Amino acid sequence: MDAMEVEILSREFVKPSNPTPDHLRDYKLCLLDQFIPEMHCALTLFYSASDSHFLQSDQNDNKNYCRILKKSLSDTLTDFYPIAGRFKDSSTIDCNDSGACVVEARINSNLSDFLTTVNQSKDIQTILGKLIPILDSETMELASKCMLIAQITVFNCGGVSISFCLEHRFCDFASVMVFLKSWSARARSGGGSGEIVLPDFVGSKFLPPQNMPSLPPPHQNAIQNRKITRLIFESSKISALKSKYLAESSSDHQNKKISGVEVVVGLIVKSAISATRSTKSLLLQVVKLRMSGTTEPPLSENAMGNFAWLVPVMINKQEENDTEFDHELITSNIKRETTSFMDEKVKRRIKGDEEGIGEVFKLAKERGEIMRSVADVDTYWCSTWCGSGVYGLNFGWGNPVWVSGGFVSPVNLIIIEDTKCGEGIQAWVSLDQNVMAIFEQDHELLSFASLNPTIN
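Going by what an unreviewed UniProt entry lists, the protein is known as Transferase and is assigned to Cannabis sativa. In its Sequence similarities (unreviewed entry) section, UniProt records this for the protein: "Belongs to the plant acyltransferase family."

Encoded structure:
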């Protein structure tokens, strides 16, 4: 096996340890789920050998631990039974216990060498893509209909990566974390139930699905000329960026409550649209609906579904003859639009009743009209995963040494994550490769962010 090459050892369907009862056979989506296109989203966790229960020198331990992971997944799927099913129409999952696909693999590299290559490579997506099963054609030929496709890759040193790819129509990132917390608790406890969280399948009761077609998956040929990059914003740089923003902002009271995430997103968007030399752009910012007081009735933290909304934020130059975009103006626009969406008037719209269904369609129509009115401008999508607790996911060999939410996207995508210390921000940005070449040279951006620094 050549250096950095991945060898697939097996592909297996893991089924629930107990059959799903007949009365749970049809799982209905929430109305909000129906606004998500058919696609899998990926998250990859890396664990070092130092905390591992299995070392490469003992092949039996390797196989035993993979067995434990599969057994704990099987038990977890009993509670999260829709993940073992298959979609049978635009709003229904047939919970037929067909199972999740688990790929076992090994890579001819030590974990430290692999992470060094990620740092040094100008083609991060190719390096990380070796570990992501949805980017493997043979795996997808077998498992394209699976709700969950996971790949466990063992490094020469005994370190390991686990890549989780879950069907987005079924769950948002918060739901993914509910599932992973339950699975990891079972894996490290050997099947005990003391720390295991249980899902709350409340979506279809909150907002029942409606008669509408599934959204098609993104066009994969759009990936060909795209590139991802990784940015790290240290806590001191985030503080400096906030201070700069506050010094430039108006006296508006709401602006004074700006968060670190908001100023970072504002800077990334500014640098991206400056690279395209556009005069107008659109940002679609994910806003979470699980926060206290956002919905009526309130959603539990273990609610499964896509309890989020894409809020459109128009971005224009202040004056037609301006030579560049204004960071303070972009960030203020993001703050204003997302705050407006979450204000008391809109909160009352997201109700679990017929009125709520009508208001969701009104919101969708308003967003669609905005998007159609600017169909010829660049659109950016941003999702924030900070505060999720992903660095606490321990499957039995300690906490992750690194987490990657990045892989190349067919759209202009920004993913915001915590750094391992919890005080900084790791951002993944997917852009057209020609735009990326300019974006990565942006002086203001590089004064606050490090471009693909060493992974500690």
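Asker: Could you give an account of the packing of aromatic side chains, naming the residues involved and the relevant values?
Answerer: Under the counting rule described, the total for this entry stands at 19 aromatic pairs. Judged by centre distance (5.9 Å) and plane angle (20°), the rings of F164 and F395 are stacked. A residue pair is termed long-range when its members are at least 10 positions apart, and F164 in strand β8 (residues 160-167) and F395 in the loop between β12 (378-384) and β13 (402-404) qualify at 231 residues. Exposure remark for F164: the relative accessible area of 2% places this residue in the buried category. Judged by relative accessible area, F395 falls into the buried class, the value being 0%. Geometry around F87 places R169 over its ring, the cationic atom sitting 3.7 Å from the centre. One cation-aromatic arrangement involves R367 over W309; the distance from NZ or CZ to the ring centre is 4.3 Å.

Asker: So what's going on with the layout of surface pockets? Which residues, and what values?
Answerer: In this structure, the second largest pocket spans a volume of roughly 460 Å³. Contributing to the lining of the second largest pocket are 17 residues, with E262, V286, V287, M291 and T338 lying nearest its centre. Only α8 (260-276), β10 (280-288), α9 (327-341) and β12 provide two or more residues apiece to the lining of the second largest pocket. Of the residues belonging to the lining of the second largest pocket, the class tally is seven nonpolar, six polar and four charged.

Asker: Let's hear about the packing of helix α7 (residues 235-248) against α8: which residues, and what values?
Answerer: Taken N-terminus to C-terminus, the directions of α7 and α8 make an angle of 80°; their axes are 9 Å apart at the nearest point. Considering their axes alone, α7 and α8 lie roughly perpendicular with respect to each other. When α7 is examined against α8, the residues I238, L241, K242 and Y245 are found in contact with a partner set consisting of G260, V263, V264 and L267. Taken together, the residues of the contact of α7 with α8 break down into six nonpolar, one polar and one charged.

Asker: Account for the sheet that holds strand β4 (residues 86-89), naming residues and giving values.
Answerer: The pairing of strands in a sheet comes from backbone hydrogen bonds and takes either a parallel or an antiparallel form. Ordered by their spatial adjacency, three strands build an open sheet running β2-β5-β4, and the pairing between neighbours is antiparallel. Bordering the open sheet on either side are β2 (26-28) and β4, each of which pairs with just one other strand. Between one strand and the next, the sheet's axes are offset by a mean angle of 40°, whatever the strand orientation.

Conventions adopted
Residues numbered from 1 in each chain as written. Predicted model: local features only at pLDDT ≥ 70, side-chain atom pairs only at ≥ 80, totals over all residues. Heavy atoms only, no water. UniProt positions renumbered as here; feature names shortened; annotations may be inferred. Phe/Tyr/Trp six-rings, centres within 6.5 Å; stacked < 30°, edge-to-face > 60°. Helix = DSSP H or I, 4+ residues; strand = E, 2+ residues; numbered from the N terminus. Buried < 20%, exposed > 50% of the residue type's maximum accessible area, 1.4 Å probe, protein only. Lys NZ or Arg CZ within 6 Å of the ring centre and 35° of its normal. 1 Å grid on protein atoms, 1.4 Å probe; cavity = no way out; pocket = protein on both sides within 12 Å on 5 of 7 lines; lining within 4 Å. Points joined across faces, edges and corners; volume = space filled by probe spheres on them. Nonpolar A, V, L, I, M, F, W, Y, C, P; charged D, E, K, R; others polar. Axes fitted to C-alpha atoms, helices over the stretch in contact; angles between N-to-C directions. Parallel < 35°, antiparallel > 145°, perpendicular 65-115°, else oblique. Contact = heavy atoms within 4.5 Å. Pairing = 2+ DSSP bridges.

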